[in-house]
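Per-entry structural report
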Amino acid sequence: MASSRPASSSFFSRLNESLATGAVALATVVQAEGSTPRIAGARQFITVTGESFGSVGGGVAESRVMALARESLADGRPRIFRADLRGKPGDIRDGVCGGTMTIWIARLDASNAGNVVRSIDERLRAGKRVAVATLRDGPVPLALVANETPAGLTDAFFEEMIEPLPRLLVVGAGHIGRALARLSCDLDFEVVVQDGRPEWLVASAFPAQCTLEGSLSRSIEAMRQWEGVRAVALVTRGMPEDGEALAALGSLPEIAYLGILGSRKRVATVLATYHGTGALPWPDHVIHAPIGLEIGAETPAEIAVSIAAEIIRVLRQGREAARRMSS
């Protein structure tokens, strides 16, 4: 079974909605070697009207996948496409990234995939992992895997463990918290914004998919139940709130990222105060204080960009390390 990877629940939500109106062709990267634009498990679906959602890499290879998808929609038969991205100037085949990808394309409709896609979407929305097999033979293109034992890529199917979206807890609903929440929703994070001030938790100031929470303890408990990657951004109004949040977060050691907003003096004081009560439960590579990449950001929107970019870098590096260990 392939290593766990996050998959946007919105992809399966859109796929579920599309299957309710007609057939689609689902393209899945089932193998990727060398330098490739997407890794195994990346998906894209194409409807009978030509609409597309998701991506298997873009460029020439993806355009060929879309052409094969139209053929599968027309005759119902699956296709396999091996994209050769090792081209050179004067001999470009499907691209020049340097690697190869194998992409499986199958026609899905409500009868052969509706229940499975609905189940996948429901589990991911609930923050649960789900094991999925992309089948290469037979009438059913997708299946849930009950026995989650490693099987790997075979002639019969490709198995993977799909994780829900990474969940980001934004502590602080001020100007930076609002900007970070808006940007993070666009970046396919599951976003929870916590603030004890009701006047700042105004629904109209946040994307509809954000969860707004006044209780820090309830926010942390919800994080504990989430089976995907977890990140926390402390963008509070001051040191007392930082200290309160850190003390509460101490019961949640398994997070991939913890960022603290403020000057170097402020965050050093916050961390020193915490150290006075005990050792931090997170390794050094998890803590980012001051928060964000150094890009000279000044406005709330610019600061949000620097924070989001740092979180993405940390999460991507963590997944790449896990991929190398499993390969």
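For the structure given in this document, a descriptive report is provided here.

What follows covers helix 7 (residues 264–275). Its 12 residues place the ends of helix 7 16 Å apart at the C-alpha level, agreeing with the 16 Å of an ideal helix rising 1.5 Å per residue. Those residues of helix 7 lying buried are R266, V267, V270, L271 and Y274. All buried residues of helix 7 project into a common sector of 125° when viewed along the axis, lining one side. Along helix 7, exposed side chains directed more than 90 degrees from the buried face belong to R264, K265 and T273. For helix 7, the elements touching its buried residues are helix 6 (239–249) and strand 14 (257–260).

Within a sheet, neighbouring strands are paired by backbone hydrogen bonds and run either parallel or antiparallel to one another. Here 5 strands make up an open sheet; going across it, the order is 4-3-2-6-5 and the pairing antiparallel. Every interior strand has two partners, whereas the edge strands, strand 4 (52–54) and strand 5 (79–84), have only one. For this sheet, the mean angle separating the axes of adjacent strands, direction not counted, is 20°. Examined bridge by bridge, strand 2 (residues 24–33) and strand 3 (residues 43–47) share 5 bridges and lie antiparallel to one another.

Moving on to the sheet that holds strand 10 (residues 167–171). Across the sheet, which stays open at both edges, the 6 strands sit in the order 12-11-10-13-14-15 with parallel pairing between neighbours. Whereas interior strands pair on both sides, the edge strands pair on one side only; in this sheet they are strand 12 (211–213) and strand 15 (287–288). Of the pairings in the sheet, the one linking strand 10 to strand 11 (residues 190–194) comprises 5 bridges and is parallel in character. Paired with R167 across the strands is E190, a residue of strand 11.

Take the packing of aromatic side chains next. The description of an aromatic ring pair rests on the distance of the ring centres and on the angle between the ring planes. The tally for this structure, following the rule as stated, stands at 4 aromatic pairs. Relative to F12, the ring of F11 lies with its centre 5.4 Å away and its plane at 80°, an arrangement referred to as edge-to-face. Take F11: its relative accessible area is 7%, and that puts it in the buried class. Ring geometry for F45 versus F53: centroids 6.0 Å apart, planes at 40°, classification tilted. Taking the relative accessible area as the measure of exposure, F45 reaches 2% and is therefore buried. For F53, a relative accessible area of 22% translates into the label partly exposed. A cation sits over an aromatic face here: R136 above W104, 5.6 Å from the ring centre. Here R167 stacks its cationic end above the ring of W226, 4.2 Å away from the centre of that ring.

What counts as what
- Residues numbered from 1 in each chain as written.
- Predicted model: local features only at pLDDT ≥ 70, side-chain atom pairs only at ≥ 80, totals over all residues.
- Heavy atoms only, no water.
- Helix = DSSP H or I, 4+ residues; strand = E, 2+ residues; numbered from the N terminus.
- Expected span 1.5 Å × (residues − 1).
- Buried < 20%, exposed > 50% of the residue type's maximum accessible area, 1.4 Å probe, protein only.
- Arc of directions from axis to C-beta.
- Contact = heavy atoms within 4.5 Å.
- Pairing = 2+ DSSP bridges.
- Axes fitted to C-alpha atoms, helices over the stretch in contact; angles between N-to-C directions.
- Phe/Tyr/Trp six-rings, centres within 6.5 Å; stacked < 30°, edge-to-face > 60°.
- Lys NZ or Arg CZ within 6 Å of the ring centre and 35° of its normal.

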